[in-house]
Amino acid sequence: VQLVESGGGLVQPGGSLRLSCAASGFTFRAYPMSWARRAPGKGLEWVSGINDGGGGTTYADSVKGRFTISRDNAKNTLYLQMNSLRPEDTAVYYCAKSNRWGGVVSTAISDYDYWGQGTQVTVSS
């Protein structure tokens, strides 16, 4: 299993970024996926998840209405569109594969068994 994130960078407050996660080594379309983040000096925080088919999504309250998760099962790719970015969104962002085939999205970090290397997002003027 390999998960490779990209798309991070430096952006001003109020700006946007789109993260991508290229997946390989497993049947991508069969598993829920999520994004999580680790801010400087803090623990890992679940951010958003999407079910296997892409029709069900869920978000942490801190990003609801600003972030949109999506997936392209034909391209084995997970996305996170981030709008109205704030300095508190600064973190390393990770994509993660659920440890359960199908099913609903879990918000528990422990329910994910493979993680990417992360991509840095910095929101600063």
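Procedures and definitions
- Residues numbered from 1 in each chain as written.
- Predicted model: local features only at pLDDT ≥ 70, side-chain atom pairs only at ≥ 80, totals over all residues.
- Heavy atoms only, no water.
- Salt bridge = Lys/Arg side-chain N within 4 Å of Asp/Glu carboxyl O.
- Buried < 20%, exposed > 50% of the residue type's maximum accessible area, 1.4 Å probe, protein only.
- Helix = DSSP H or I, 4+ residues; strand = E, 2+ residues; numbered from the N terminus.
- Phe/Tyr/Trp six-rings, centres within 6.5 Å; stacked < 30°, edge-to-face > 60°.
- Lys NZ or Arg CZ within 6 Å of the ring centre and 35° of its normal.

Colleague: What am I meant to see in the pattern of salt bridges here?
Modeller: Pairing between side chains of opposite charge can happen when their charged atoms approach one another. Under the definition given, this model contains six salt bridges. For Arg37, the salt bridge is made with Glu45, and the minimal N-O distance between the two is 2.8 Å. Judged by relative accessible area, which is 30%, Glu45 ranks as partly exposed. Of the charged contacts, one joins Asp111 and Arg100 as a salt bridge, the two residues approaching to 3.8 Å between their closest N and O atoms. With Asp111 in the loop between β9 (91-98) and β10 (112-115) and Arg100 in the loop between β9 and β10, this residue pair connects regions lying 11 residues apart in the sequence. For Arg100, a relative accessible area of 54% translates into the label exposed. Look at the salt bridges and you will find they share partners, linking Arg37, Glu45, Arg66 and Asp89 into a network.

Colleague: Would you take a moment to explain the packing of aromatic side chains for this structure?
Modeller: By convention here, two paired aromatic rings are described through the distance between centres and the angle between planes. Inspection of the entire model under this criterion finds three aromatic pairs. Ring geometry for Phe26 and Tyr31: centres 5.9 Å apart, planes at 70°, overall edge-to-face. Residue Phe26 shares its accessibility class with Tyr31, and that shared class is buried. On the basis of an interplanar angle of 65° and a centroid distance of 6.3 Å, the ring pair of Tyr112 and Trp115 is categorised as edge-to-face. The buried category is assigned to Tyr112, whose relative accessible area is 6%. Cluster of aromatic residues (ring-pair linked, three or more members): Phe26, Phe28 and Tyr31. In this structure, Arg71 packs its charged tip against the face of Phe28, placed 4.3 Å from the ring centre. Note that Lys97 overlies the ring of Tyr31, its terminal NZ or CZ placed 4.1 Å from the centroid.

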